[in-house]
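# Architecture and fold: a report
What follows is the residue order along each chain.
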Amino acid sequence: MGIGGSDMYRQQILDHYKNPRNYGEIEDPTFTHIGENPMCGDEIRMDVVLDEDEETIEQVAFQGDGCAISQASASMLSQELAGMAVEDLKAMDRDDITEMLGVDISPMRVKCAVLAEKVAQDGADIFFGEKDIDRTVTEDDD
Amino acid sequence: MGHAESELLDVERIREDFPILQREFGGEQVVYLDNAATTQTPEPVVETIADYYRTTNANVHRGLHQLSQEASVAYEDAHDRVAEFIGASGEREEIIFTKNTTESENLVAYAWGLNELGPEDEVVLTEMEHHASLVTWQQIAKKTGATCRYISVDEDGTLDMDHAREIITDDTAMVSVVHVSNTLGTVNPVSELADIAHDHDSYIFVDGAQSVPNRPVDVEAIDADFLAFSGHKMAGPTGIGVLYGKKHILEEMEPYLYGGEMIKKVTFEDASWNDLPWKFEAGTPVICQGIALAEACDYLDDIGMERIQRHEEQLAQYTLEQLREEGDVETYGPSVGTERGGLVSFNLDSVHAHDLSSILNDSAVAIRAGDHCTQPLHDKMGVPASARASFYIYNTREEVDKLVSAIDDARQLFA
């Protein structure tokens, strides 16, 4: 089977899509951020709680709508991020997401896969005053 | 292959002209159902392209040598052939070769719209316009202060003609409508719209990207002032589009692009414009593509445009019936039994269109998923994206069955 078909839809991804982890809102998050893929209509909102030193992620929740790849990726990332240093979040890239998902993502679907990661990163950057945007919008070359 | 529709077309014979349809992915023969995006190219057209480069290639018009003369005659004749294909009696003078339908839209929007429109003018579009028309007129309206108005689309995917009559007024300067919707499959009453537009001294621009490839289109019967379409959606190559315009309107229009080929006389102070259609074809034009498009017209006419229309309609109706048998599939556009173009857009309840398209790819079924360049229409439909199966002369009912079976695989996977 070629890249791009149901190879992408291994059990783990379908499981996270159907039963998303950490789905919902956090009452008093350190920061909240929203992002979208306009072409696909995928949307993700992430609530993040940092520890007192603002160096480590304590808790993440997400809400969203969209394709299985974008939503499963958000669910898996929400688990991955809990306990992670903010610096490590900032250093994440597309390869880390591919590794986390455990499947090859076809080129056209990469922006679905990385949406949650971009939302978390932009949310952190805005919180630390390193970026000034309202929403994250993923483009083809992200 | 037992083609129930083969009384209309000898599909088996036609498929021999398209070797690409023999390709296999993961051991499955490709089922190509993305024809509204681009059609495959038959051998005679591929041969025409190869032959042109093997035997005739030269730049047109400027050369006095034999090759240039041959290339020029073939290129100019191609305009006449395309004119004949859409019933334009003004022949080459009414046929401008562009890059694609989008460029044809932009040509009129810039060459006519930018110069003629003002704050008191209105451009009437439909809610089912392709971005090629919608975005172009929207932006020209912003530059000129004109207003864009949109004819409503009813629940059944057809235009609200009462609304059309209401908003096309003496303030209307241009009505730009899609002939066959690339998302809904709706066949719009363009002749009736032309009458309404002309009653108010407005021009009408018909986007024929999804109609010229698959049905007889006669610009003079429609009484269209402009008609645009693309070569690559009608068995021709990419890189060529067509703009038909009534001669007297084109004569009055300023050029859109300046440069070589489009001039008659140039001094350091000024320049005068070449005759139609060359006035609108600046620089070295799409020579090979134009000649290949003329060949594609021959190819389609040999099959017969009325038969192509009926073949596509039957496949679309069959698909609609199959998909609607399942309670979890929503289809868009005209209902079963109502006239439509050869495409069906749909959504499977539990599966995002992009996931569906990815999974169908496993069965080598090629469909499109997305907004099909009609984002405002999708907003109105209440979905961000839809899946679309679209047909051409080489598709069969068996291929529709494969599509339906692959959709079932997706349903199982996500159950």
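Position numbers for residues count from 1 along each chain, tracking the sequence in the order it is written. Here chains are named by letter from A upward and ligands by number from 1 upward, in the order in which they appear as written. Residues qualify for local features only when their pLDDT is at least 70, as the model is predicted, and side-chain atom pairs are given and counted only at 80 or more; totals for whole chains, interfaces and linings, by contrast, use all residues. Excluded from the side-chain calculation are hydrogens and water; included are all heavy atoms of the structure.

To keep things clear, this is the line we draw: UniProt positions are given in the numbering used here, feature names are shortened, and annotations may be inferred rather than shown by experiment.
For chain B, the name recorded in an unreviewed UniProt entry is cysteine desulfurase, with Haloarcula argentinensis as its organism. The annotation that UniProt attaches to chain B under Cofactor (unreviewed entry) is "pyridoxal 5'-phosphate". Reading the Catalytic activity (unreviewed entry) entry of the UniProt record for chain B gives the comment "(sulfur carrier)-H + L-cysteine = (sulfur carrier)-SH + L-alanine".

Looking at an unreviewed UniProt entry, chain A carries the name Nitrogen fixation NifU-like protein, with the source organism given as Haloarcula quadrata.

## Here we look at the sheet that holds strand β13 (residues 329–331) of chain B
All names here are of chain B. Basically, it comes down to this: Think of it this way: DSSP has to see at least two bridges between two strands before they count as a pair. Think of it this way: any DSSP run of H or I at least four residues long counts as a helix, any run of E at least two long counts as a strand, and we number them from the N terminus. Every axis in this analysis is a line fitted to C-alpha atoms, fitted for helices over the stretch in contact. Angles between the N-to-C directions lie between 0 and 180 degrees. Contacts are assigned to residue pairs with any non-hydrogen atoms lying within 4.5 Å of each other.
With antiparallel pairing, the four strands of this open sheet are ordered in space as β13-β14-β17-β16. Each of the sheet's edge strands pairs with one partner strand only, and the pair in question is β13 and β16 (368–370). Direction aside, the axes of adjacent strands within the sheet are offset by 30° on average. The pairing of strand β14 (residues 343–348) with strand β17 (residues 386–390) spans four bridges and is classified as antiparallel. Bridging across to β17, valine 344 finds its partner in alanine 389. Set on the sheet, helix α11 (residues 305–324) makes contact with β13 and β14; between it and β14 the angle comes to about 15°. Where helix α14 (residues 397–414) meets the sheet, it contacts β13, β14 and β17, and its direction lies at approximately 15° from that of β14.

## Concerning the interface of chain A and chain B
Heads up, the condition is: Summed over both partners, the accessible area (1.4 Å probe) lost when two parts come together is defined as the buried area. Every case where a carboxyl oxygen of Asp or Glu lies within 4 Å of a side-chain nitrogen of Lys or Arg is listed as a salt bridge. Any pair of nitrogen or oxygen atoms within 3.5 Å is treated as a polar contact; in protein, a donor-acceptor pairing is required on top of that, and neighbouring residues in sequence qualify only through side-chain atoms on both sides. For this classification, the nonpolar set comprises Ala, Val, Leu, Ile, Met, Phe, Trp, Tyr, Cys and Pro, the charged set comprises Asp, Glu, Lys and Arg, and every other residue, Gly included, is treated as polar.
Each side of the interface is counted separately: chain A has 21 residues, and chain B has 16 residues. Approximately 1,400 Å² of surface area, both sides summed, lies buried where chain A meets chain B, with 52% of it carried by carbon and sulfur atoms. For the pair chain A and chain B, the number of links is one salt bridge. The closest approach of N and O atoms between arginine 109 of chain A and aspartate 355 of chain B, which form a salt bridge, is 2.9 Å. Across the contact surface, chain A and chain B share seven residue pairs in polar contact (both at pLDDT 80 or more). Contributing elements (two or more residues each) for the side of chain A that touches chain B: α1 (11–18) and α2 (68–81) of chain A. When the residues that make up the side of chain A that touches chain B are grouped by side-chain class, the tally is 11 nonpolar, six polar and four charged.

## Here we look at the pattern of salt bridges
Residues and elements named next belong to chain B. Basically, it comes down to this: In this scheme, a residue with accessible area under 20% of its type's maximum is buried, one over 50% is exposed, and one in between is partly exposed, where area comes from a 1.4 Å probe on protein chains only.
A complete count under the given rule lists 31 salt bridges over all chains for this structure. With a closest N to O distance of 3.5 Å, glutamate 84 and arginine 81 form a salt bridge. With a gap of three residues between them, glutamate 84 and arginine 81 both fall in helix α3 (residues 66–85), about one helical turn apart. Assessed through its relative accessible area of 14%, arginine 81 is described here as buried. The structure contains a network of salt bridges with shared partners spanning Glu76, Asp77, Asp80 and Arg92.

## A look at the UniProt feature "domain: Aminotransferase class V" (unreviewed entry) in chain B
Mapped onto this numbering, the UniProt entry annotates "domain: Aminotransferase class V" (unreviewed entry) at residues 31–403 of chain B. A distance of 8 Å separates the end C-alpha atoms of residues 31–403 of chain B, which is 41% helix and 17% strand.

## Remarks on the state of the cysteines
Note the following rule: The criterion for a disulfide is a pair of cysteine sulfur atoms lying within 2.5 Å.
Throughout the structure, instances matching the rule amount to zero disulfides over all chains. In this structure cysteine 67 of chain A is a free cysteine whose sulfur lies 3.9 Å from that of cysteine 112 of chain A, the closest cysteine sulfur available. For cysteine 67 of chain A, a relative accessible area of 0% gives the class buried. The closest cysteine sulfur to the non-disulfide-bonded cysteine 297 of chain B is located on cysteine 288 of chain B, 15 Å from its own sulfur.

## Structural notes on the layout of surface pockets
To be explicit about the condition: The rule is simple: put a 1 Å grid over the protein atoms alone, call a set of points where a 1.4 Å probe fits but cannot get out a cavity, call an open set with protein on both sides within 12 Å along at least five of seven lines a pocket, and count a residue as lining if it has an atom within 4 Å of a point. Grid points are joined across faces, edges and corners, and a volume is the space filled by probe spheres set on the points.
Here the largest pocket is characterised by a volume of approximately 1,200 Å³. Lining of the largest pocket is provided by 47 residues; of these, Met108 of chain A together with Asp34, Ile367, Arg368 and Ala369 of chain B occupy positions nearest its centre. Where the lining of the largest pocket is concerned, the elements lending two or more residues are α4 (101–116), α5 (131–144), α12 (353–362), β15 (365–366) and β16 of chain B. A total of four residues in the lining of the largest pocket trace back to one element, the largest contributor, which is α12 of chain B. By residue class, the composition of the lining of the largest pocket is 20 nonpolar, 17 polar and 10 charged.

## Looking at the packing of α1 of chain A against α2 of chain A
Residue and element names in this part refer to chain A. This is how it is decided: Throughout, the term roughly parallel applies to angles under 35 degrees, roughly antiparallel to angles over 145, roughly perpendicular to angles from 65 to 115, and oblique to all others.
Viewed as axis vectors pointing N to C, α1 and α2 meet at an angle of 85°, and their least axial separation amounts to 8 Å. With respect to α2, the axis of α1 lies roughly perpendicular. Two secondary-structure elements touch here, α1 through Gln12, Ile13, His16 and Tyr17 and α2 through Ala68, Gln71, Ala72, Ser75, Met76 and Gln79. For the contact of α1 with α2, the class distribution of residues is five nonpolar, five polar and no charged.

## Focus on the nonpolar core
The test is simple: Definition of nonpolar core: a set of buried residues of the types Ala, Val, Leu, Ile, Met, Phe, Trp, Tyr and Cys, connected through side-chain atoms within 4.5 Å.
If you look at the biggest cluster of nonpolar residues, it comprises 75 residues, and the most contacted ones within it are Ile86, Phe97, Leu193, Leu227, Met234, Leu300 and Ile393 of chain B. Element by element, the count of residues in this core is highest for helix α10 (residues 287–303) of chain B, at 11 residues. For phenylalanine 97 of chain B, the contacting residues outside a window of four places in its chain are Tyr75, Ala78, His79, Val82, Ile240, Gly241, Val242, Glu281, Val286 and Gly290 of chain B. In this structure, Cys67 and Leu77 of chain A together with Val344 and Val365 of chain B belong to the second largest nonpolar core, which totals 69 residues.

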